[in-house]
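Architecture and fold: a report
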Amino acid sequence: MRRTPLATHDLALVAVFAALVAVLGAPGYISVSGLSAPITLQTLGVMLTGSVLGARRAPLAVLTFLALVAAGLPLLAGGRGGLSMFTGPTGGFLVGWLVGAAVIGWLVEHRPSRFGLGWVALANLVGGIAVVYAFGVPWMSWAATDLSLSAAWAASIVYLPGDLIKVAVTTVIAGGLLRGYPTAMPVQHRVRRDRDSVAG
Amino acid sequence: MRMTTIRLDGVGHSYGERVVLRDVDLTLTETRIGLVGANGSGKSTLARMINGLVLPTAGRVVVDGLDTREQGARIRRRVGFVFTDPDAQIVMPTVAEDVAFSLRRSGLNAREKRERVMAALDRFGLAGHADHPAHLLSGGQKQLLALTSVLVTEPQVLVCDEPTTLLDARNARSVARLLAGLEQQVIVVTHHLDLLAGFDRVVVLEDGLVVADGPVSESLAAYRALLD
Amino acid sequence: MLLGLYVPGNSPLHRRRAGTKLAVLGVLLGVMGVFRTAEVVTGGFVALTALTLLSGVGLRTMLAQLRPLLWFAVFVGAFQIWLSGPRQAALAVGFLLVSVGLAALVTLTTRTQELLDCMVSGLRPLRRLGVDPERAALTMSLTIRSIPVLLELSQDVQQARRARGAERSLRAFAVPLLIRTVRHADRVGEALAARGVDDP
């Protein structure tokens, strides 16, 4: 498979998926009143990016998106952006997206062959929820001046059902792509290329 | 302008088990060359071989003595490529930035670059849009911008892969007029047969094979016969 | 281009270089974070008010930046009053407002492009580690360029979903969107290669 040189293709995937995360912040904006982070499809974008782009490119895509947010583009759901998104109480979740995308990507890339979609779901539970909250909740507790961890958990827990739904959706979508349209899954390309290079 | 010689020697290409081109021997020196064929006939792959975007799995492609396998970068500086979908080809947020992107390694200073960019935009009727976001252009204007960004580097050859497929009739015609007026050697892949009026040569592909090759009227007669 | 949150102006804050503002912001937030005393937070609050007035962006603009914090601040305030008394509550809420407000002030008085350029030049020392600042800049520009393209793409997909009567299905939206996104990225990668991005 000698088509476009890999590097430009990677760059394009990174930029286009960064744009996808931004675009998913635009529609489906549902605000949960009472708290400061709105429920959006943006975390879905992060999960999809991790599942499709893999451990190296996915965090680069999220980093690019976050850099544009930090530079003042209002790309977070509800038209928010700027440096204050990082210094505020939900800044940890953004850092969590970055690490979470890498973890999802790594896990999906290293899927043992005897596991199927369950593995993709597990990867997204770990990377898309556990990792994201592991950064987001302590950060919130710290930023709100020793708000106890359990209180910070209480403030974040309302998002959990939504996040679980997104894991399910990501799994279904990734599964559909893996089976029905394998060439749309660059992760698969990579794996196949590795195998080819071993074979040849 | 001296025409470039593009030679394909025993060229074949396959993606895995799917063969898209086989035994293609062509020497392309004419100023205006058309490539036609049904979807999946291999014409887009053939076009991408001319600037080394796709490397042949059999045989070789040589552009002015340079093998695409070894000298891809030098060849791409001589061979410009225009794609079907300008939205994929325009990579910078604003019109002038996208044209300037092509000059990033030209060694020109900022002022010279700006002058070259503005002159190119002026030539293709986009000067008034220089600092506009690219996404606000119409479909036809976007394709003109894609062309401008390629032509600003003054390539010797221009390869266009269905440049008018996404355009309405009027914009297709203006792109056709623009291509006709270029001094470059132009190779066009198309389904719009009227784009080929006045061309020197048309190559017809079918299932990865060259099935007709000659003057426009003869080749298109053969192509139409294939369609029936 | 997308509009950033920048508010045009010619105040002393607008005229400072992005790097300077970022450095000052970093120091201020660092000091405040470590010494979270009443004096420091009060000082920060005074500084935020004075700088906001000096910047000429308007109190209303600043309040709009702080507004998303409202419910979280109420939650934190109530929690801290219940747990540690009004003094601690005021400190916690004050810290939140100041750390978000100061960061917002940098965003409001610095052009997006200047902040992006500043980030790119910040990457220069990382060249040795294989980071390519030029490529990072290209990736960010390409992302900005791709956002309207993907927005259009997602609207197309939504229309197609409506036409098929699958309006409420997230899957009928996300699967085609993802496939078209990957296809678009493939084409962009090819175009980048044709424009010599990978060539020496």
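Look above for the structure.
Worth saying up front: this structure is predicted, and the values here are computed from it rather than measured. (Residues numbered from 1 in each chain as written. Chains lettered and ligands numbered in written order. Predicted model: local features only at pLDDT ≥ 70, side-chain atom pairs only at ≥ 80, totals over all residues. Heavy atoms only, no water.)

Things to note about the overall build of chain A
Across its full length, chain A carries 8 helices and 0 strands. Sequence-ordered secondary structure for chain A, helices as α and strands as β, is α-α-α-α-α-α-α-α. Partitioning the contacts of chain A with sequence separation of at least 6, the portion at a separation of at least 24 is 67%. Working note: accessible area of chain A is about 7300 Å², and carbon and sulfur atoms make up 67% of it. (Helix = DSSP H or I, 4+ residues; strand = E, 2+ residues; numbered from the N terminus. Contact = heavy atoms within 4.5 Å. Areas by Shrake-Rupley, 256 points an atom, 1.4 Å probe, with all protein chains shown as cover.)

Topic: the overall build of chain C
Within chain C one finds 9 helices and 0 strands. If you list the helices and strands of chain C from N to C, you get α-α-α-α-α-α-α-α-α. Taken against the 2.2 N^0.38 rule, which gives 16 Å for 200 residues, the C-alpha radius of gyration of chain C at 23 Å runs more than 25% over that of a compact globule. Across its three principal axes, chain C shows a C-alpha extent of roughly 60 × 50 × 35 Å. Within chain C, contacts between residues separated by at least 24 positions form 69% of all contacts whose residues are at least 6 apart in sequence. (Rg over C-alpha atoms; globule rule 2.2 N^0.38 Å.)

Some remarks on the sheet that holds strand 4 (residues 58-63) of chain B
All names here are of chain B. On the basis of which strands lie adjacent, the open sheet formed by 4 strands has the order 2-1-4-5 and antiparallel pairing. Taken across any chain shown, the strands that pair with only one partner, and hence form the sheet edges, are strand 2 (18-28) and strand 5 (66-67). Direction of pairing for strand 1 (residues 6-15) relative to strand 4: antiparallel, over a ladder of 5 bridges. Note on strand 4: the bridge partner recorded for D9 is R60. (Pairing = 2+ DSSP bridges.)

With respect to the pattern of salt bridges
Under the defined criterion, the tally for this structure stands at 21 salt bridges over all chains. For B:R48, the salt bridge identified is with B:D161, shortest N-O distance 2.7 Å. Separated by 113 residues along the polypeptide, B:R48 in helix 1 (residues 43-50) and B:D161 in strand 7 (residues 157-161) bring together distant segments of the chain. Here the two residues B:R48 and B:D161 agree in accessibility, since each one is buried. Through salt bridges that share partners, A:D10, A:R56 and A:R57 make up one connected network. (Salt bridge = Lys/Arg side-chain N within 4 Å of Asp/Glu carboxyl O. Buried < 20%, exposed > 50% of the residue type's maximum accessible area, 1.4 Å probe, protein only.)

A closer look at the interface of chain A and chain C
Taken together, the contact pairs 60 residues of chain A with 67 residues of chain C. Roughly 5300 Å² of surface becomes buried between chain A and chain C when both sides are summed, with 78% attributable to carbon and sulfur atoms. On the chain A side of the interface with chain C, the three residues burying the most area are A:L11, A:V16 and A:T145, jointly 11% of the side's total. Between the two partners, chain A and chain C, sit 7 residue pairs in polar contact (both at pLDDT 80 or more). Where the side of chain A that touches chain C is concerned, the elements lending two or more residues are helix 1 (6-24), helix 2 (42-70), helix 3 (84-87), helix 5 (117-143), helix 6 (149-156) and helix 7 (160-180) of chain A. Broken down by element, the residue count for the side of chain A that touches chain C peaks at 16 residues, all from helix 1 of chain A. In terms of residue class, the side of chain A that touches chain C is built from 43 nonpolar, 14 polar and 3 charged. (Buried area = accessible area lost by both parts, 1.4 Å probe. Polar contact = N/O pair within 3.5 Å; in protein donor to acceptor, adjacent residues only side chain to side chain. Nonpolar A, V, L, I, M, F, W, Y, C, P; charged D, E, K, R; others polar.)

Some remarks on the layout of surface pockets
Quantified by volume, the second largest pocket comes out at close to 790 Å³. Lining the second largest pocket we find 27 residues, and of these B:M92, B:F101, B:R104, C:E134 and C:A137 sit closest to its centre. For the lining of the second largest pocket, the secondary structure elements donating two or more residues are helix 4 (95-101) and helix 5 (110-123) of chain B together with helix 7 (112-122) and helix 8 (133-163) of chain C. A per-element tally of the lining of the second largest pocket places helix 8 of chain C first, with 7 residues. Both domains that furnish three or more residues to the lining of the second largest pocket are identified here as domain 1 (12-122) and domain 2 (128-194) of chain C. (1 Å grid on protein atoms, 1.4 Å probe; cavity = no way out; pocket = protein on both sides within 12 Å on 5 of 7 lines; lining within 4 Å. Points joined across faces, edges and corners; volume = space filled by probe spheres on them. Domains from an automatic or database assignment.)

A short note on the packing of helix 8 of chain C against helix 9 (residues 170-194) of chain C
Residues and elements named next belong to chain C. At their nearest, the axes of helix 8 and helix 9 sit 9 Å apart, and the two run at 145° to each other. At the point where helix 8 passes helix 9, the crossing takes the right-handed sense. Residue-level contacts link L142, V149, L150, L153, S154, D156, V157, Q158 and R161 of helix 8 to L170, A172, F173, P176, L177, R180, T181, H184, V188 and L192 of helix 9. (Axes fitted to C-alpha atoms, helices over the stretch in contact; angles between N-to-C directions. Left-handed = near helix turned anticlockwise from the far one by under 90°.)

A few points about the side chain of A:D10
All names here are of chain A. With respect to the helices and strands, the residue D10 is situated in helix 1. The exposure class of D10 is buried, given its relative accessible area of 10%. Contact partners of D10, with chain neighbours within four places excluded, come to R56 and R57.

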